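Structure assessment
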Amino acid sequence: MTDANNSDSRFRVNRISSSQLHGAPPIAGSNFGGEVIPEDGTLEINNVMNKMGDGGGSPAEIIPNQFMQPRRSSLAQGLGGGRKKSVTLPKEFDYINELEDQHATVYGKNFAYYTREALPRMDNYKNLASVANASRPTLDELRSEAMYAKKLNAPEEEVVSGAVKFGWIEGVLVRCLLNIWGVMLFLRLSWVVAQAGIGLAIVIICLSATVTTLTALSMSAISTNGLVKGGGIYFMISRTLGPEFGGAVGAIFSFANATAVAMHTVGFAESLNDLLKVLQVKIVDNAQNDIRVVGTIALIVMQAIIIIGTEWESKAQIVLLIILLVAILDFLIGAFIGPLDSDEFTRGYVGFNATVFATNFVPNFRESDGTKHGFFTIFSIFFPAATGITAGANISGDLKDPSDAIPKGTLIAILTTTVSYIVFALLAGAETLRDATGPIMDDLNLTDESAASWEFAQNCSQIGAEKCVWGSHNSFQIMELMSIFGPIIYAGCFAATLSSALACLVSAPKIFQALCNDNLYPGIGIFGKGFRKNNDPFFAYVVAFIIALAFILIAELNAIAPLISNFYMAAYAMVNFCTFHAALVKPLGWRPDFKYYSLYSSFIGFVLCLAIMFLMSWVTALITLGILACLFFGLVYIKPDVNWGSSAQAQNYKTALTTVQSLNNTPEHIKNYRPQILVLSGRPSSRPTLLDLGYLITKNVSILICGHIIQERQSFKVREYLVSKGNNWLVNHKVKGFYSLVDDVDFEEGARCLMQASGIGKLKPNLVLMGYKSDWTSCDLEDLKAYFRVIHDVLDNHLGLCISRVREGFDYSNVIEEESEETVENLTRSDSSMSFSTCDPTPPGTPRIGEINDTFTMVPEGNGDDKKKSKKVKKEPGTEFKGIGGVPLPKSVLNNLSQFRTKQRKSTIDIWWLYDDGGLTMLLPYIIHSRSNFAGCKIRVFALANKQQDLEVEQSALASLLARFRIEYSDLIVITDVMAKAKESTREFFEGLIKDYKKTNDSIDDDEMKIDPLELKAMKEKTNRHLRLRELLLDHSRMANLVVMTLPIPRRNGMSAPLYMAWLECLTKDMPPFLLVRGNQESVLTYYS
């Protein structure tokens, strides 16, 4: 034990040996020595509070419990960020006394043991999609008064994979060198120089290097902007631009790699076939059939090597690189020594010669295999040589550190190979003739004489090039001719072609596997299955093998290369576009470690790739882009359920933000008026018909906000869940709108909050849609008062108001199964909060199921027989709804639920434009009529006459106004007798509505909810007008599909809620779907252009 060094210290603290702690039993939860230690409380040791003695007395010695184990936050999990499973203190654990004053605090060396906070560690940021594995505490847990004792599953230890991982040299540099030093170096470079000349050949090489360098810079920026997994270019593009671009390019690029296997294998077979010709050996015909046989056998052998294991393939690549480097050295030595005998001389290898250099510097394009070549056709044949830059990136999942390996290995490989290609082009152009007859067989003296007089070259120009079988135009074995030892060149050619084929045969399945694992396209998941420790995609191997074999059977290198060039160009264009787009949008997550790129270099690379695609072959370019478009729009249609935080999402946000800001600074104009609706629907699933009506108006026109008001205060989890469910409901029912929730308010205050705070800038509601409160005669008076006040609040905020009524009611919360109800209750109980209740603007009563009026029924147009005849059975509207317990709903209920989604019977939309509210009463039914399901209805307009004697004049004026508004209608009816006395039956109906609310009724304590006789007298004419309107509505509009009428305005402080609701009841009772509309008295229609 160690005594306290200062008598003023509050504790005697012992040093605890690690052996004591190792034997300590685990203590569950957050107990320390059996007691809970508050976050900022006083530390207790051995359950005894160490007390400070008065004066200078020494503190009592407290011996720590040998089984003591300090509380370690299950969230923080120590300095390791939650990766350790056991709670074991480090060796030499002790406490340090701070002696600033008598209130000194004791700390341990492992600070995380004594706080709920988690220290910044890498593990806290892994697997962002999984909240369960996060070791960072939530905000609720940090703010909770009680000790956090929630038991979390201990994070699993990271599994150390036994898979082979490669460094930047073996994994990237070697593979890129082997791919770039491929078939083109040994078999086509001299032919490219012969066709294009030394000058243009160097231009072709530099242009290829420019494209690949710009692409490599872009690829390096993407690969250093976070963790890169398997899939190479597909992974980079899909995670940067999104699944649509990534899936399209990934499919194209994996196919291009599989095709490149065929190109390199055919190059190997061609080279071997030339060797067999020299040896006068043939398999079938020393032509294409031999290439097919050799290529097929080579493909099978390479596939077998890969199946054995990628580590064997990697070892094979090292051996092949050594052979390739020896072959290149053999060529360089031979090129500097010159021809060894007259045979080589007469075959066109003449050594360094200024005349030959000058002749070969200019182009000499000729027809080959029926194709007249030019600069870009030669470029398209050569460019696949440069496509090897992606060899390392394609196996990014097998690299130890892709972010470091890909930039370093790729750029060094590009620099090395570009310089080597230029040197080889200069040597081939300066030392070989384009045409030569070759040696004169069986006569060495004549051969020597021909070499001395250059007759072998002159004869070609005199007799014709078709007789010449040697020279760079006619022979693809120039490098073998120029080498010091020919067989080494063959070995190098074999090594280059086979290594490139091996790399592509590994890359193509790996890319396709990554694409399949993401399940972007349906039915391809099986090909993403991996086997063994290296996750080898055997099924994807089969696909790549079949594609490669199909192109090998073409057996024509010059026919395969241009197709591959276009596919690679398309992929490179998208890589450059990815970096350009990310650098342009600048999302906060775009922070690449690689700094040697720019917005402009990426854009130039993108444009350059597209331009070269069309210059090489516009037909092939259009085919490539067509395939990309089909794959892209296929994914747009499929909408894969992935979220990778792409720059396309960042662009959407930036565009939306810029547009909203611009819109906010744009003055409003009547011609651009759009009804932006706030629907007071509560939970969307409770009143789907009301939302359908609102969406009829806003679809493709403006915004719709679904407002939900909850009286009780809800926890964050409940609110988050309800918002998620609400938005998902809108998406699943194809309603393009937004869900907004407010809690801890009553209906009146909540509605006011939604009116004033919903939306942003100019994108905020200017119209409120609410359901009619059909139970106003039986509901609680406070509810009726709140409903009436909301109507005033809408008008006080100068918003338009729509009140809709359908015969069956809007509230289906007690009819339709709501799967989230139980989840909400569980979340509420888990947070120890009170059960919530919703305050809805329409009555909670159940719709009258099965009520069908003889004169009016909402029935979809058409019958079942018509749907049976259709080849494609379309899902009927409303079938997505299920009753309580999952039981099917009656047909009548389904018809009511889908009444605003189905095709309407041929009838009318009746517009009762009683008062000028700015034109909103005319505009809304016009929008509804433009929808396909109401397009067959005719519009009838009803209006009131000011003077009966001027009826014709008023009718003509109104018709002229509607014509100027360009609103088509079938009938215009002017009502002249609206002021006539209502029938007795109608008056009795009205009296029955208000009798319980008259001031003589003592059962109502609230005078505000009573109808005063003076009020009735003052409103006598208005009341009679509404009763008369009821009679007119029953006479004219009882059979309409929809009735739209101007909403009567309630006077502020001059009208009681029951009287106003009685007016609305008279207008809407026993009527078809009814929409009462009142604008804010500002014009929404204009006849000016």
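Analysis parameters
Residues numbered from 1 in each chain as written. Predicted model: local features only at pLDDT ≥ 70, side-chain atom pairs only at ≥ 80, totals over all residues. Heavy atoms only, no water. UniProt positions renumbered as here; feature names shortened; annotations may be inferred. Buried < 20%, exposed > 50% of the residue type's maximum accessible area, 1.4 Å probe, protein only. Helix = DSSP H or I, 4+ residues; strand = E, 2+ residues; numbered from the N terminus. Pairing = 2+ DSSP bridges. Right-handed = clockwise from strand over helix to strand, strands pointing away. 1 Å grid on protein atoms, 1.4 Å probe; cavity = no way out; pocket = protein on both sides within 12 Å on 5 of 7 lines; lining within 4 Å. Points joined across faces, edges and corners; volume = space filled by probe spheres on them. Patch = residues over 30% accessible without salt bridge, like charges linked within 9 Å, V, L, I, M, F, W, Y side chains within 5 Å. Areas by Shrake-Rupley, 256 points an atom, 1.4 Å probe, with all protein chains shown as cover. Salt bridge = Lys/Arg side-chain N within 4 Å of Asp/Glu carboxyl O. Phe/Tyr/Trp six-rings, centres within 6.5 Å; stacked < 30°, edge-to-face > 60°. Lys NZ or Arg CZ within 6 Å of the ring centre and 35° of its normal. Core = buried A, V, L, I, M, F, W, Y, C linked by side-chain atoms within 4.5 Å. Contact = heavy atoms within 4.5 Å. Expected span 1.5 Å × (residues − 1). Polar contact = N/O pair within 3.5 Å; in protein donor to acceptor, adjacent residues only side chain to side chain.

Per an unreviewed UniProt entry, the protein goes by the name Bumetanide-sensitive sodium-(Potassium)-chloride cotransporter and belongs to Orchesella dallaii. Regarding the protein, the UniProt comment filed under Subcellular location (unreviewed entry) reads as follows: "Membrane".

1. Overview of the pairing of strand 12 (residues 908-912)
Within a regular strand, side chains alternate between the sheet's two faces. For strand 12, the tally of buried residues reaches five of five residues, placing the bulk of the element in the interior. Neither face of strand 12 is open: one carries Thr-908, Asp-910 and Trp-912, the other Ile-909 and Ile-911, and all of them are buried. Two strands pair when backbone bridges link them, and strand 12 and strand 13 (residues 938-944) are joined in this way by five bridges, in the parallel orientation. Of the residues in strand 13, the one forming a bridge with Ile-909 is Ile-939. For the handedness criterion, the β-α-β arrangement of strand 12, helix 30 (residues 920-929) and strand 13 is classed as right-handed.

2. Re empty space enclosed by the protein
Scanning all chains against the criterion turns up eight cavities of 30 Å³ or more. Size it by volume and the largest cavity reaches roughly 100 Å³. Ile-180, Ala-386, Thr-417, Thr-418 and Tyr-421 are, among the 13 residues lining the largest cavity, the residues nearest its centre. When residues of the lining of the largest cavity are traced back to their parent elements, those giving at least two are helix 5 (189-223) and helix 13 (402-431).

3. Considering a nonpolar patch on the surface
On the surface, Leu-329, Ile-333, Ile-337, Leu-340, Ile-484 and Phe-485 cluster together into a nonpolar patch covering about 560 Å² of accessible area. Locating Ile-337 in the fold gives a position in helix 9 (residues 310-337).

4. Focus: the packing of aromatic side chains
According to the stated counting rule, one finds 30 aromatic pairs in the structure shown. Three or more aromatic residues link up through ring pairs in this structure, and these residues are Phe-245, Phe-577, Phe-580, Phe-603, Phe-606, Phe-632 and Phe-633. Its guanidinium or amino end placed over the ring of Tyr-1087, Arg-964 lies 5.0 Å from that ring's centre, counting from NZ or CZ. Its guanidinium or amino end placed over the ring of Phe-989, Arg-1030 lies 4.6 Å from that ring's centre, counting from NZ or CZ.

5. Re the nonpolar core
If you look at the biggest cluster of nonpolar residues, it comprises 147 residues, and the most contacted ones within it are Leu-185, Phe-186, Tyr-421, Tyr-568 and Met-569. Contacts of Phe-186, omitting those with residues within four sequence positions, involve Leu-324, Ala-327, Phe-476, Met-479, Ile-489, Gly-492, Cys-493 and Ala-496. In this structure, Val-790, Val-978, Tyr-997 and Ala-1062 belong to the second largest nonpolar core, which totals 61 residues.

6. Observations regarding helix 19 (residues 557-585)
With 29 residues, helix 19 ought to run about 42 Å at 1.5 Å a step, and its terminal C-alpha atoms sit 42 Å apart, in line with that. Where burial is concerned, most of helix 19 is hidden: 25 out of the 29 residues are buried. Positive backbone phi, approximately 55°, marks Lys-586, located one or two places after helix 19.

7. Section: the side chain of Ser-804
By secondary structure assignment, the location of Ser-804 is in strand 11 (residues 800-805). Residue classification places Ser-804 among the buried residues on the basis of a relative accessible area of 1%. At 3.3 Å, the side chain of Ser-804 forms a polar contact with the backbone oxygen of Phe-1074. The residues touching Ser-804, leaving out its near neighbours within four places in the chain, are Leu-690, Leu-693, Leu-769, Met-770, Gly-771, Tyr-772, Phe-810, Phe-1074 and Leu-1075.

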